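Architecture at a glance
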Amino acid sequence: MSRPSRPDRTGFRRFATIQTRWEDNDVYGHVNNVVYYSFFDTAVNRYLIEAGALDIEKGAVIGLVVETQCRYHAPLAFPDILEVGIRVARIGTSSVRYEVGVFRQGGEDAAAADGHFVHVYVDRASRRPVPLPDALRAALEAIHA
């Protein structure tokens, strides 16, 4: 089986800077695999909040993660500062696929890890899928690859 290629920074539309924490490291001295999903979620939701497309406390529409994947290419460790790149690969009626790349700040242009996740947007109360609100769709289109 051939190893997948490592995405580079140029393919991502928006970046979030994230400071690793001491507790992110595992006993092997690098960021534990589950922490990368937190980096993904933080970068995407920070962008949506800053774009005025997501109100995490009172918004009628929320995104639920229904699929996720991460590939690890190179170790990261505390006290690394990360630049997490995001882009939108697909916009549906009520869902969106985000692609994410995790880079060491000032490091290589190739991602240390990359992956994706899919949000299905639902009504907060009923948890039933709803069409993407206009403000959300506009924010997604702005970072669509």
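Calculation criteria
- Residues numbered from 1 in each chain as written.
- Predicted model: local features only at pLDDT ≥ 70, side-chain atom pairs only at ≥ 80, totals over all residues.
- Heavy atoms only, no water.
- Helix = DSSP H or I, 4+ residues; strand = E, 2+ residues; numbered from the N terminus.
- Buried < 20%, exposed > 50% of the residue type's maximum accessible area, 1.4 Å probe, protein only.
- Contact = heavy atoms within 4.5 Å.
- Areas by Shrake-Rupley, 256 points an atom, 1.4 Å probe, with all protein chains shown as cover.
- Lys, Arg positive; Asp, Glu negative; His and termini not counted.
- Charge placed at Lys NZ, Arg CZ, Asp CG, Glu CD.
- Expected span 1.5 Å × (residues − 1).
- Arc of directions from axis to C-beta.
- Pairing = 2+ DSSP bridges.
- Axes fitted to C-alpha atoms, helices over the stretch in contact; angles between N-to-C directions.

Right, let's get into the overall build of the protein. The helix and strand tally for the protein stands at 2 helices and 5 strands. Counting from the amino terminus, helix and strand elements in the protein follow one another as β-α-β-β-β-β-α. Along the first, second and third principal axes, the C-alpha set of the protein runs to 45 × 30 × 30 Å. Residues classed as buried in the protein amount to 43% of the 145 residues present. Here the analysis covers contacts within the protein between residues at least 6 apart in sequence; of these, 73% occur between residues at least 24 apart. Per element, the accessible surface of the protein, about 8000 Å² overall, is 51% carbon and sulfur. For the protein, the distance from the average position of its 17 positive side-chain charges to the average position of its 18 negative side-chain charges is 4 Å.

Our focus in this paragraph is helix 1 (residues 35-50). Each full turn of the α-helix corresponds to 3.6 residues, which orients residues three or four apart in the same direction. Helix length check: helix 1, at 16 residues, gives a terminal C-alpha distance of 23 Å against a target of 22 Å (1.5 Å per residue), a fit within 8%. Among the residues of helix 1, those classed as buried are Val-35, Tyr-36, Phe-39, Phe-40, Ala-43, Val-44, Asn-45, Tyr-47 and Leu-48. In this fold, the buried residues of helix 1 make contact with strand 1 (14-19), strand 2 (61-72), strand 3 (81-91), strand 4 (95-104), strand 5 (113-123) and helix 2 (134-142). Just downstream of helix 1, Gly-52 is the residue with a positive phi angle, here 75°.

For the rest of this paragraph, the subject is helix 2. By the burial criterion, the buried members of helix 2 are Leu-136, Ala-139 and Leu-140. Here the buried residues of helix 2 occupy an arc of 100° about the axis, which is enough to place them on one side. Counted as exposed and oriented over 90 degrees from the buried face of helix 2: Asp-134 and Ala-142.

Let us now look at the sheet that holds strand 2. In any sheet, the strands associate via hydrogen bonds between backbone groups, in a parallel or an antiparallel arrangement. Overall, antiparallel pairing links the 5 strands, which are arranged 1-3-4-5-2 in an open sheet. In this open sheet, the two edge strands, each paired with only one partner strand, are strand 1 and strand 2. The average angle at which neighbouring strand axes cross in this sheet is 25°, direction not considered. As paired elements, strand 2 and strand 5 share 11 bridges and run antiparallel to each other. Note that in strand 5 the partner of Glu-67 across the bridge is Val-118. Against the sheet, helix 1 contacts strand 1, strand 2, strand 3, strand 4 and strand 5, and its axis sits at roughly 55° relative to strand 5.

In short, geometric facts, not functional conclusions.
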